[in-house]
Amino acid sequence: MKMRTFANSVATLALIAASGAATADTWRYAFEESLDEVQGQYAQKFKDYIEANSDHELQLFPFGTLGESADIMEQAQAGILQFVDQSPGFTGSLIPEAQVFFVPYLLPTDQEQLARFYRDSKAINEDFQDLYAAQGLELLRMFPEGEVAMTTKEPVTTCADLDQVKFRVMTNPLLVESYKAFGATPTPLPWGEVYGGLQTNIIQGQENPTFFLYSTKMYEVTDHITYAGHNNFTTAVMANKDFYDGLSEADQKVIQDASTEAYDFIVEYQKGLAETELAKIMEAKPEMTVTVLTEEQRSCFVDAAAEVEAKFIEMTGDSGKAILEQMKADLAAAAQ
Ligand code: 6CS
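The following paragraphs examine the structure supplied in this document. These numbers come from a predicted model, not from an experiment.

How each quantity is defined
- Residues numbered from 1 in each chain as written.
- Predicted model: local features only at pLDDT ≥ 70, side-chain atom pairs only at ≥ 80, totals over all residues.
- Heavy atoms only, no water.
- Phe/Tyr/Trp six-rings, centres within 6.5 Å; stacked < 30°, edge-to-face > 60°.
- Helix = DSSP H or I, 4+ residues; strand = E, 2+ residues; numbered from the N terminus.
- Buried < 20%, exposed > 50% of the residue type's maximum accessible area, 1.4 Å probe, protein only.
- Near = heavy atom within 4 Å.
- Polar contact = N/O pair within 3.5 Å; in protein donor to acceptor, adjacent residues only side chain to side chain.
- Areas by Shrake-Rupley, 256 points an atom, 1.4 Å probe, with all protein chains shown as cover.
- 1 Å grid on protein atoms, 1.4 Å probe; cavity = no way out; pocket = protein on both sides within 12 Å on 5 of 7 lines; lining within 4 Å.
- Sits in = over half its atoms within 2 Å of the grid points.
- Arc of directions from axis to C-beta.
- Expected span 1.5 Å × (residues − 1).
- Disulfide = S-S within 2.5 Å.
- Contact = heavy atoms within 4.5 Å.
- Salt bridge = Lys/Arg side-chain N within 4 Å of Asp/Glu carboxyl O.
- Axes fitted to C-alpha atoms, helices over the stretch in contact; angles between N-to-C directions.
- Parallel < 35°, antiparallel > 145°, perpendicular 65-115°, else oblique.
- Left-handed = near helix turned anticlockwise from the far one by under 90°.
- Nonpolar A, V, L, I, M, F, W, Y, C, P; charged D, E, K, R; others polar.
- Points joined across faces, edges and corners; volume = space filled by probe spheres on them.

## Remarks on the packing of aromatic side chains
This structure, assessed with the given rule, holds 18 aromatic pairs. Ring geometry for Phe128 and Tyr132: centres 6.3 Å apart, planes at 70°, overall edge-to-face. Pair noted here: Phe128 and Tyr132 are both in helix 6 (residues 122-133), with a separation of four residues, about one helical turn. Overall, Phe128 belongs to the buried group, its relative accessible area being 0%.

Given below as structure tokens:
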């Protein structure tokens with residue numbers, strides 16, 4: 001090869017390497033639910049967008065294929081996975097501030113307000129981005145999965161009914177404090193142990209959004225559904241930060257655009273989902289009771305919120321306090 005041609009080829013290769021443009025890679029994305037549940041629907045939209053707008057391919061790994069939530073997070077931090085969906089319910093020990101999502105009654109139940117909040121919130125799109133980045137993660141998007149309901153073996157109409165109830169929560173210290181304040185005996189467990197735990201009576205209650213109560217057949221192992229309006233399930237999708245930072249600007253843009261596309265889709269997808277899935281539960285098990293607590297009935301849960309908020313600040317200090325205040329400001333803005 002002539003010297004000039006060789007030099008040109010080296011320069012071209014260097015340019016390609018710098019831009020990262022010419023490689024068609026296979027990226028791996030794991031999440032905590034199945035393909036037809038909310039996280040799986042989001043992941044499929046994200047994949048479709050990436051594959052339609054780049055040469056890259058995305059491999060999806062639903063719940064169970066690579067382990068529990070804690071396992072897929074480890075794999076994402078190690079760079080074995082490029083993308084991971086882990087809910088703050090499992091991120092509490094890694095990023096204590098992420099527990100803010102478990103201060104009861106902080107998030108509204110109104111779907112439109114929530115959709116605006118997750119999309120525009122400074123706390124989420126700036127402050128949490130920095131906190132995730134410090135753990136080697138590029139936070140791409142947080143989104144809601146629906147109001148959580150308690151499912152139990154005995155009826156719940158007030159906090160006193162949770163006395164002596166071993167209540168499964170995600171492995172999150174503040175959620176433990178929350179259910180303590182509600183009067184229950186909180187039992188943190190990974191998701192894979194919940195159905196069996198209820199079946200064998202190791203636990204007698206758990207909480208999750210309505211669609212998940214149907215899809216995971218929680219109605220088979222509990223008899224009562226109670227809505228106290230105390231929380232909305234939040235989840236988060238992120239990329240391994242070294243991987244993300246090493247991408248070309250064009251690839252980063254495709255990922256950001258895919259996140260926006262998937263977000264808009266998932267918010268729309270969930271409209272009316274709680275109602276349709278509750279109807280399916282009632283069809284499968286007509287004797288299931290469904291109770292929406294009155295204001296009076298939920299007052300003890302509301303009262304517990306102040307205690308849990310104080311606990312959150314005790315656990316996270318100034319940084320948690322700042323996030324909490326920012327979230328409140330963002331929620332107020334989203335209410336308008
Ligand atoms: O309660 C849980 O552990 C699970 N709940 C939902 C709605 N998604 C994934 C998570 O593992």
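## A closer look at the site of the ligand
Neighbouring residues of the ligand: Glu32, Glu33, Gln39, Phe90, Glu145, Arg168, Met170, Trp191, Asn208, Pro209, Phe212 and Phe233. With respect to the ligand, the side chain of Glu33 contributes an N or O atom lying 2.7 Å from a nitrogen atom. Measuring from a nitrogen atom of the ligand, one finds a side-chain N or O atom of Asn208 at 2.8 Å. When the ligand sits alone it has 300 Å² of accessible area, and the protein chains cover 99% of it. A molecule is said to occupy a pocket when more than half its atoms come within 2 Å of that pocket's grid points, and by this definition the ligand occupies the largest cavity.

## Topic: helix 3 (residues 69-77)
Buried residues of helix 3: Ser69, Ile72, Met73, Gln75 and Ala76, and no others. Each buried residue of helix 3 sits inside an arc of 160° when the element is viewed along its axis, so together they form one side. One or two residues past the end of helix 3 sits Gly79, with phi positive at roughly 85°.

## With respect to helix 12 (residues 273-284)
Helix length check: helix 12, at twelve residues, gives a terminal C-alpha distance of 17 Å against a target of 16 Å (1.5 Å per residue), a fit within 8%. Along helix 12, the positions that sit buried rather than exposed are Leu273, Glu277, Leu278 and Ile281. The buried residues of helix 12 occupy an angular sector of 120° when projected down its axis, which confines them to one face. For helix 12, the exposed residues lying more than 90 degrees away from the buried face are Glu275 and Glu283.

## A few points about the state of the cysteines
A full pass over the atoms with the stated rule returns one disulfide. Disulfide pairing is shown between Cys159 and Cys300; the S-S distance is 2.2 Å. Note on the Cys159 and Cys300 pair: the S-S dihedral is about 100°, so by sign convention the disulfide is right-handed. With Cys159 in the loop between strand 4 (137-152) and strand 5 (166-169) and Cys300 in helix 13 (residues 299-335), the pair connects residues that are 141 residues apart, well separated along the chain.

## Some thoughts on the side chain of Gln252
With respect to the helices and strands, the residue Gln252 is situated in helix 11 (residues 249-269). Among the residues examined, Gln252 registers a relative accessible area of 18% and is labelled buried. A polar side-chain atom of Gln252 sits 2.8 Å from the main-chain carbonyl oxygen of Tyr244. Gln252 has contacts with Tyr244, Asp245 and Leu247, leaving out every residue within four places of it along the chain.

## Brief notes about the pattern of salt bridges
Overall, the coordinates contain 13 salt bridges when judged by the stated rule. Two residues, Lys241 and Glu138, come together in a salt bridge whose shortest N-O distance is 3.3 Å. With Lys241 in helix 10 (residues 241-245) and Glu138 in strand 4, the pair connects residues that are 103 residues apart, well separated along the chain. Taken individually, Lys241 and Glu138 each receive the classification buried, so the pair is uniform in this respect. Between Lys285 and Asp223 there is a salt bridge; the shortest N-O distance is 2.7 Å.

## Overview of the packing of helix 2 (residues 38-53) against helix 11
Packing of helix 2 against helix 11 brings their axes to within 8 Å, and their N-to-C directions diverge by 140°. What the angle tells us is that helix 2 and helix 11 run oblique. Taken as a pair, helix 2 and helix 11 cross one another with a handedness that is right-handed. Contacts from Val38, Gln41, Tyr42, Lys45, Phe46, Tyr49, Ile50 and Asn53 of helix 2 reach helix 11 at Val254, Ile255, Asp257, Ala258, Ser259, Glu261, Ala262, Tyr263, Phe265, Ile266 and Tyr269. Looking at side-chain class alone, the contact of helix 2 with helix 11 contains 13 nonpolar, three polar and three charged residues.

## Some words on empty space enclosed by the protein
Summed over all chains, the structure comprises four cavities of 30 Å³ or more. Considered as a void within the structure, the largest cavity measures approximately 150 Å³ in volume. As for the largest cavity, its lining consists of 17 residues, and the residues nearest its centre are Glu32, Phe90, Trp191, Phe212 and Phe233. Those elements that place two or more of their residues in the lining of the largest cavity are strand 7 (205-209) and helix 9 (210-215). Partitioning the lining of the largest cavity into residue classes produces eight nonpolar, four polar and five charged.

## Re the packing of helix 7 (residues 173-181) against helix 13
Look at helix 7 against helix 13: their axes get within 9 Å of each other, and the N-to-C directions meet at 150°. Taken together, the axes of helix 7 and helix 13 are roughly antiparallel relative to one another. Crossing of helix 7 over helix 13 shows right-handed handedness. Where helix 7 abuts helix 13, its residues Pro173, Leu174, Glu177, Ser178 and Ala181 lie against Ala304, Glu307, Val308, Lys311, Phe312 and Met315. Looking at the contact of helix 7 with helix 13 residue by residue, the class counts come to seven nonpolar, one polar and three charged.

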